[in-house]
Amino acid sequence: MSRTSHRLRYLRIAVAVVVLAGFTAAFSDFRNLLPAGLASGLGGTQLVPAFVALLTGSAFALGGVLVVLLTLLAGRVYCSALCPLGLLQDAISRLAALVRRRPPRLPPSRPLTWVRQVFLWGTVAGVLAGWGGLTLALLDPYSNFGRIAATLFRPLFTLANNSLVTVASAAGLPGINRIELHWAGPWLLLPPAAFLVVVAGMAALRGRLYCNTVCPVGTLLGFVANRALFRLKLDRSACTKCTECLRHCKAQCIDLRSGTIDASRCVACYNCISACDQGGIGHALAWNFAPAWSTPETQLVGDPLNPCRRSFLASAVGAMAAAVVPGKLARAAAATIEEIPFLVKAGQDSSAIAPPGASSVAQFLDRCTSCQLCLSACPTQVLQPALLEYGVVGLLKPRLEYATAFCNFDCVRCGEVCPTGAIGRLGPEEKQVVQIGIADFYRDRCIVVTNGTDCAACSEHCPTKAVSTEPYGANLRLPVMNRELCIGCGACEFACPTKPRKAIVVTGRREHGWARRQVEKKAVKPRRSDDFPF
Amino acid sequence: MNTRRDFIKTGLALGAGFSLVDLGGLFAAETPAVTGAVPPGTLPGGVSRPVLVAVRDSDRVTMLNQALEALGGIAAFVRPGQTVLIKPNMGWDVPPERGANTHPDVVARLVILCREAGAKSVSVFDNTCDQWERAYNHSGIAAAARAAGAVVVNGKDETLYRETAVPRGVKLQSAKIHSLVLDSDVFLNVPVLKHHSGALMTAAMKNLMGVIWDRRFYHRTDLHQCIADLLTLRQPTLNIIDAYHPMVRNGPRGRTAADLIELRTLLASTDIVAIDAAAAKLLGHQPADITHIRLAAGMNLGRMDLEQVDVRRFKLA
């Protein structure tokens, strides 16, 4: 009679499927069919964005605190149920396993403690030194998933939709619509694609190797999990050393010789519980708040942070010093982050335009982890990932690109979905006066002047009438700019037909401002009579 | 509709509209040449004069019913089995009360009339200025047209546009034009009347910029001439202008409802130049002040001089 219990594993899989599907849908929602609450709700469960929101005070997000408490209770449940990058790896290793039929038996391995420490402390040091916007963006697993999904999945889903339209219209079925396909440029496509290839390779060959070596969230939660109230425990009296659990363990964290499970690397997938015919693995209440490594029999098990106190101190201090000192010096040398050459582009005006709600470019670059959820949610796709427009720290963070679209006047979706609060929530009324940039009109390039024909595409599109027209020449109308009313939405620049350079161009503001809201009296009828004028 | 009296009045007016149209439809189906009213384009006595119907002082649906009745009913334009395209102005992501788009009531009523006249299909689209789905939805037109039985087609699907030569165009010699314009049996042009910062006014002729793919070519080349040139390719079967509350400043998008005046007017004509000339006068312009009206009249695409037009006026209150 089998004593195997599949319950926990099935529960974990059910949650994971729902969560991964939710994230994939939120990041691939090319028609904005899903409520903004789904995206922001899912983003709010993520450790790094929630902590950024809480610590910067940009939003009251308890997601991070709850995740830590959950981990303190039952280990790294987060990694197997809530982290989209972890779930993506599970999906990839599952596919790889289908190809291989029977999973290979991975030998238990030693934790790569030094590597884990370097990534974790490097990230922490980066945050302390004021480079959080860069280090978190590079290493946050959720943001890495987001970039893969927004850059690769969204266009693929759009492509699938469009193929479906072709089939449906051939069959005479109208109703679904072809959506404009946006692929990011090669340099923007490359980083997430390369990251995906590396992570997919690691996942296919070694399960959760990435999570247990590179991922700072995995290491941090491993540190907490080592002190968890409930930990997985191997019943040595039941164990027949059949190694079936090793075959199903994603983390290579089970050591049958010593009969221990490394809680710092266990991602709580519960495959081992399910795999063991003898019912030899289960949760046990750990009464001591001591990490597993303090038991004498451990050889392969280790606290990611504390292999021994001396090396912990040495590595922590070393890594912190290496990252914090130059970072602090650099920031001290420059009064603000923008003044550091190369890393952030200099100048009064920003060459990249930050989304409405960002308040300022500097604050935005500090808070955004470039998860690109806003890019996916943007109905006009005016939000595009930055390459070096903000400088190196702004790599892959959203900016407004007016060559292909403009910011919709009544839309506040990017702020609604942003999980870190880097893009603050604005009401529609506020959004309509937030000045993210100002347009400049270049008269000598304007069609009305160069061609002597009417145009006013800029004024036509302008939602605030910062661009109006005045009589010009013989019965023509020439654009005229009122900077006070301009919000920098880019509608004018997008619509301007001049080539090669536009006659009206928006320059971003480093510190976002407020445009004046113009109030006009009710319009009067051109004629008093109520009769027909013809 | 605030009171029971209003409701009954509107209901009666609607009912009257329905019955007349239905009769006209039956009649036309059997003998298309003879309809209840004078066929558009001719007058008794054989003198060819385009008909322009102008209706005032009622709700949009009643005015539309009246205008169509005066033109011989919808059956004079839509025969059973025909495919119909309705091109409203729904270019902007603003609600109906802002007057930047054709009112959904007009579009919905027209869809119902076409369906009742036996149209095989009724399609609605616009190549919008704001993001298309937001404009379709917030204008109220997508929902109203669908509920009335129309197919709402994506105007931002480039594969639906066909590069087409415009042999008689002066500046516009070729354009990517929506296939529904090229292929539909009946083409109903249903704009809203507005001020336009570049063209001074936008009504029936300017509304047709929403059937071509590359709007920037117009703006870059010669806005007014291109607007006139497109008419050499295909003119709408019928033009209907919603001038219930025209926008008189800050057009064509408008900033607030304060940009509108209440005229409670609706125009209908098969002559696109004549209807725009009348619309210009509603806004206090002389037709010749609007360059594309003057150019189109010069190209004999319609009558700018309303003296040469058979204007039929109806004041419903």
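Residues numbered from 1 in each chain as written. Chains lettered and ligands numbered in written order. Predicted model: local features only at pLDDT ≥ 70, side-chain atom pairs only at ≥ 80, totals over all residues.

**A word on the overall build of chain B**
Logical step 1: Of regular secondary structure, chain B possesses 11 helices and 12 strands.
Logical step 2: With 317 residues in all, chain B has 61% of them scored as buried.
Logical step 3: Of the contacts made within chain B by residues no fewer than 6 positions apart, 74% connect residues no fewer than 24 positions apart. (Helix = DSSP H or I, 4+ residues; strand = E, 2+ residues; numbered from the N terminus. Buried ≥ 20, exposed ≤ 12 C-beta atoms within 10 Å, placed from the backbone. Contact = placed C-beta atoms within 7 Å.)

**Digging into the overall build of chain A**
Logical step 1: A tally of helices and strands in chain A yields 21 helices and 11 strands.
Logical step 2: With 534 residues in all, chain A has 51% of them scored as buried.

**Digging into the packing of helix H9 (residues 141-170) of chain A against helix H10 (residues 186-206) of chain A**
All names here are of chain A.
Logical step 1: Between H9 and H10, the least distance of the axes is 9 Å, while the angle of their chain directions is 125°. Of the possible angle classes, the one that applies to H9 and H10 is oblique. In this structure, H9 meets H10 at a crossing whose hand is left-handed. Residues Asn-144, Arg-147, Ile-148, Thr-151 and Leu-152 of H9 lie in contact with H10, whose contacting residues are Leu-188, Leu-189, Pro-192, Ala-193, Phe-195 and Leu-196. (Axes fitted to C-alpha atoms, helices over the stretch in contact; angles between N-to-C directions. Parallel < 35°, antiparallel > 145°, perpendicular 65-115°, else oblique. Left-handed = near helix turned anticlockwise from the far one by under 90°.)

**Some words on helix H9 (residues 223-230) of chain B**
Logical step 1: Burial of H9(B) is extensive: 8 of the 8 residues sit out of reach of the surface.
Logical step 2: Buried positions along H9(B) lie against strand S6 (174-178), helix H7 (204-207), helix H8 (215-221) and helix H11 (291-298) of chain B.

**Quick word on helix H2 (residues 60-70) of chain B**
Residue and element names in this part refer to chain B.
Logical step 1: Counting buried residues in H2 gives 11 out of 11 residues, a clear majority hidden from the surface.
Logical step 2: Within H2, burial applies to Arg-60, Val-61, Thr-62, Met-63, Leu-64, Asn-65, Gln-66, Ala-67, Leu-68, Glu-69 and Ala-70.
Logical step 3: Gly-72 sits one or two residues past H2 and shows a positive phi near 100°.

**Overview of the environment of B:Pro88**
Residue and element names in this part refer to chain B.
Logical step 1: Note that Pro-88 resides in strand S2 (residues 83-88).
Logical step 2: On a C-alpha basis, the gap between Pro-88 and Arg-220 in space is 24 Å, while along the polypeptide they are 132 residues apart.
Logical step 3: Among all residues touching Pro-88, those that are not within four sequence positions of it are Asn-101, Thr-102, Val-107, Val-124, Asp-126, Ile-141 and Val-190.

**Focus: the nonpolar core**
Logical step 1: The biggest cluster of nonpolar side chains holds 251 residues, and the ones touching the most others in it are B:Ala67, B:Ile86, B:Val107, B:Ala145, B:Leu266, B:Leu267 and B:Ala279.
Logical step 2: Examining the composition of this core, we find that 9 residues originate from one element, helix H10 (residues 272-282) of chain B, more than from any other.
Logical step 3: If you count residues domain by domain, this core takes at least three from each of domain 1 (7-120 + 128-168 + 179-294) and domain 2 (433-510) of chain A.
Logical step 4: Leave out the neighbours within four places in its chain, and B:Ala67 touches B:Val53, B:Val55, B:Ile240, B:Leu266 and B:Ala268. (Core = buried A, V, L, I, M, F, W, Y, C linked by C-beta atoms within 7 Å. Domains from an automatic or database assignment.)

**Some words on the environment of B:Pro287**
Residue and element names in this part refer to chain B.
Logical step 1: Summarising the element assignment, Pro-287 is placed in the loop between H10 and H11.
Logical step 2: Assessed through the 22 C-beta atoms surrounding it within 10 Å, Pro-287 is described here as buried.
Logical step 3: In this structure, the C-alpha to C-alpha distance between Pro-287 and Ala-297, residues 10 residues apart in sequence, is 9.9 Å.
Logical step 4: In this structure, Pro-287 is in contact with Ala-277, Ala-280, Lys-281, Ile-293 and Met-304, ignoring residues within four places of it in sequence.

**Thoughts on unusual backbone geometry**
If a residue is not glycine, its phi is most likely negative; likewise, a peptide bond is most likely trans.
Logical step 1: In this chain, A:Lys499 is followed by A:Pro500 through a cis amide linkage whose omega measures -5°.
Logical step 2: By secondary structure assignment, the location of A:Pro500 is in the loop between helix H21 (491-495) and strand S11 (504-514).
Logical step 3: The residue after B:Gly251, namely B:Pro252, is reached through a cis peptide bond having omega 5°.
Logical step 4: In this fold, B:Pro252 is placed in the loop between strand S10 (238-247) and strand S11 (265-269).
Logical step 5: In the Ramachandran plot, A:Gln372 falls in the positive-phi region, its phi being about 65° despite a non-glycine side chain.
Logical step 6: Take A:Gln372: it is sitting in the loop between helix H15 (361-367) and helix H16 (373-377).

**Some remarks on the pairing of S2(B)**
All names here are of chain B.
Logical step 1: With 5 of its 6 residues buried, S2 lies for the most part within the structure.
Logical step 2: Relative to strand S3 (residues 121-124), S2 is paired through 4 bridges, and the arrangement is parallel. For Thr-83, the partnering residue across the bridge sits in S3 and is Ser-121.
Logical step 3: After leaving S2, the chain enters helix H3 (residues 104-116) and then returns to the sheet as S3, a path that is right-handed.
Logical step 4: As judged from the 5 bridges shared by S2 and strand S7 (residues 186-190), these two strands associate in the parallel manner. (Pairing = 2+ DSSP bridges. Right-handed = clockwise from strand over helix to strand, strands pointing away.)

**Concerning the packing of helix H1 (residues 7-27) of chain A against helix H6 (residues 84-100) of chain A**
Residue and element names in this part refer to chain A.
Logical step 1: Contact pair H1 / H6: the axes reach a minimum separation of 10 Å and the direction vectors enclose 110°. In terms of axis orientation, H1 runs roughly perpendicular to H6. Between H1 and H6, the residues in contact are Ala-16, Val-19, Leu-20 and Phe-23 and Pro-84, Leu-87, Leu-88, Asp-90 and Ala-91, respectively.
Logical step 2: Of the residues that constitute the contact of H1 with H6, the class distribution is 8 nonpolar, no polar and 1 charged. (Nonpolar A, V, L, I, M, F, W, Y, C, P; charged D, E, K, R; others polar.)

**Quick notes on the confidence of the model for chain B**
Residues and elements named next belong to chain B.
Logical step 1: On average, residues of chain B score 89 in pLDDT, and 85% of them are at 70 or above.
Logical step 2: Contacts of residues 14-45 to residues separated by more than four positions or lying in other chains number 58 contacts, the stretch itself having pLDDT below 50.
Logical step 3: Model confidence for the complex is summarised by a pTM of 0.87, with the ipTM given as 0.85. (pLDDT = per-residue confidence, 0-100.)

**Some thoughts on the environment of A:Cys245**
Residue and element names in this part refer to chain A.
Logical step 1: Among the structural elements, Cys-245 can be located in helix H12 (residues 244-248).
Logical step 2: Given 24 C-beta atoms within 10 Å, Cys-245 falls into the buried group.
Logical step 3: Once the C-alpha coordinates of Cys-245 and Cys-455 are considered, the two residues, 210 residues apart in sequence, prove to be 72 Å apart.
Logical step 4: Among all residues touching Cys-245, those that are not within four sequence positions of it are Ile-254, Cys-272, Ala-275, Cys-276 and Ile-281.

**Examining the pairing of S3(B)**
Logical step 1: Of the pairings in the sheet, the one linking S3(B) to strand S4 (residues 151-152) of chain B comprises 2 bridges and is parallel in character. Each bridged residue has a counterpart across the sheet, and for B:Val124 the counterpart in S4(B) is B:Val152.

**What about the confidence of the model for chain A?**
Logical step 1: The predicted model of chain A has a mean per-residue pLDDT of 87, with 86% of residues at 70 or higher.
Logical step 2: Within the model, the stretch residues 292-302 of chain A combines pLDDT values under 50 with 27 contacts to residues more than four positions away or in other chains.

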